[in-house]
Amino acid sequence: EGKWYWRVKAIDSANNESVSGDWNLNIDTTLPTVPQPLTPFAGSYILNRTPTFSWEPSVDASPLIYALELSQDQFQTITFPKTTSATSYTLSGIEPELLADGTWYWRVVARDAANNIAQPSEIRVLIVMATPPSTSELSNPISGTYLNDNTPAFSWSASTGSEPITYILEIDDSVAFSSIDVKIDGLSKTSYTLIQPLPDKKWHWRITAVDFFNRKSTSLVWSFIIDTTLPSVPVLLSPSANVYTSN
């Protein structure tokens, strides 16, 4: 192994010689050392679709190219590979679209300039959880409803995502929720009945779903009007009391 120089000499019958220029070649039959994965760490939860993978470089006498390989079935099939001369790679472009939520396996393979291919690195496992919780749909009180109860019951649909999922109920007299009057957080169920009564007026409410990783999705805003004031007693006018009439 090593660097070698070669040339060709032409000699005719009169013993005249012509010599080519010198060329060189490198003989390398040694495999690169196995690269060592660094990040993401084994068992990491990845909350986006553009993670950066990094590894310790292989050792070799010639320049190296690395193939980053990802698979969901322990390399029976390979969703990527991506090649780079660097010791890190960040998914970009359309690549994040291929990184679905779920369990992924990754490894790195080094190849030198003589096309000697190292044994693959150890396999690392990561869990992609890039999807935030789904948005809850509000159920009751229906938007625009008049209520004669100062402690109404609220209900909404369950959110899906990285469990456990909890909910935040917010109520405000401003549709912009600029100064939230009621905030109940940490709800584990999809319904809640107020304990402290609300004053009579128009109110707005919404639900925020919060997943295990503290990612949030907020619902649409609905409104309701609380009116517990009895209407005034009507005054009878005509016909007068105790009147006889033939009409």
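This text follows the structure it describes.
Scope of this entry: the structure provided in the associated data block.

Calculation notes
- Residues numbered from 1 in each chain as written.
- Predicted model: local features only at pLDDT ≥ 70, side-chain atom pairs only at ≥ 80, totals over all residues.
- Heavy atoms only, no water.
- Helix = DSSP H or I, 4+ residues; strand = E, 2+ residues; numbered from the N terminus.
- Rg over C-alpha atoms; globule rule 2.2 N^0.38 Å.
- Buried < 20%, exposed > 50% of the residue type's maximum accessible area, 1.4 Å probe, protein only.
- Polar contact = N/O pair within 3.5 Å; in protein donor to acceptor, adjacent residues only side chain to side chain.
- Contact = heavy atoms within 4.5 Å.
- Salt bridge = Lys/Arg side-chain N within 4 Å of Asp/Glu carboxyl O.
- Pairing = 2+ DSSP bridges.

1. A few points about the overall build of the protein
- Counting secondary structure elements, the protein contains one helix and 21 strands.
- Compactness check: the protein gives a C-alpha radius of gyration of 37 Å against a globular reference of 18 Å for 247 residues, more than 25% above the reference.
- Structurally, the protein occupies a C-alpha span of about 155 × 35 × 35 Å along its principal axes.
- Scored against the burial criterion, the 247 residues of the protein give a buried share of 35%.

2. Considering the side chain of S136
- Inspection of the secondary structure assignment puts S136 in the loop between β12 (124-128) and β13 (138-140).
- What makes S136 buried here is its relative accessible area of 4%.
- Within the structure, the side chain of S136 is placed 2.9 Å from the backbone oxygen of S157, a separation counted as a polar contact.
- Every residue in contact with S136, bar those within four places of it in the chain, is listed here: W156, S157, A158, S159, Y167, I207, A209 and S219.

3. As for the environment of F53
- You can see F53 is positioned in strand β7 (residues 52-56).
- Distance from F53 to P40, taken between C-alpha atoms, is 6.1 Å for residues 13 residues apart in sequence.

4. Points about the environment of I225
- Inspection of the secondary structure assignment puts I225 in strand β21 (residues 222-226).
- The exposure class assigned to I225 is buried, which follows from its relative accessible area of 17%.
- The spacing of I225 and K189 is 36 residues in sequence and 24 Å in space, taken between C-alpha atoms.
- If we ignore the near neighbours within four places in the chain, the residues touching I225 are G144, T145, Y146, L147, K201 and K202.

5. Side note on the pattern of salt bridges
- One pass over the full model with this rule turns up eight salt bridges.
- The partner of E69 in a salt bridge is R107, and the shortest N-O contact between them spans 2.6 Å. You can see E69 sitting in strand β8 (residues 64-71) and its partner R107 sitting in strand β11 (residues 102-112), a full 38 residues away along the chain. The exposure classification of E69 matches that of R107, with both residues buried.

6. Concerning the pairing of β8
- Where burial is concerned, most of β8 is hidden: seven out of the eight residues are buried.
- Alignment of β8 against β11, held across eight bridges, turns out to be antiparallel. When the bridges of β11 are listed, L68 appears paired with V108.
- In this sheet, strand β9 (residues 82-84) lies alongside β8 in antiparallel orientation, the contact comprising three bridges. Bridge pairing links Y66 to T84 in β9.

Function cannot be read off these values alone, since they describe shape.
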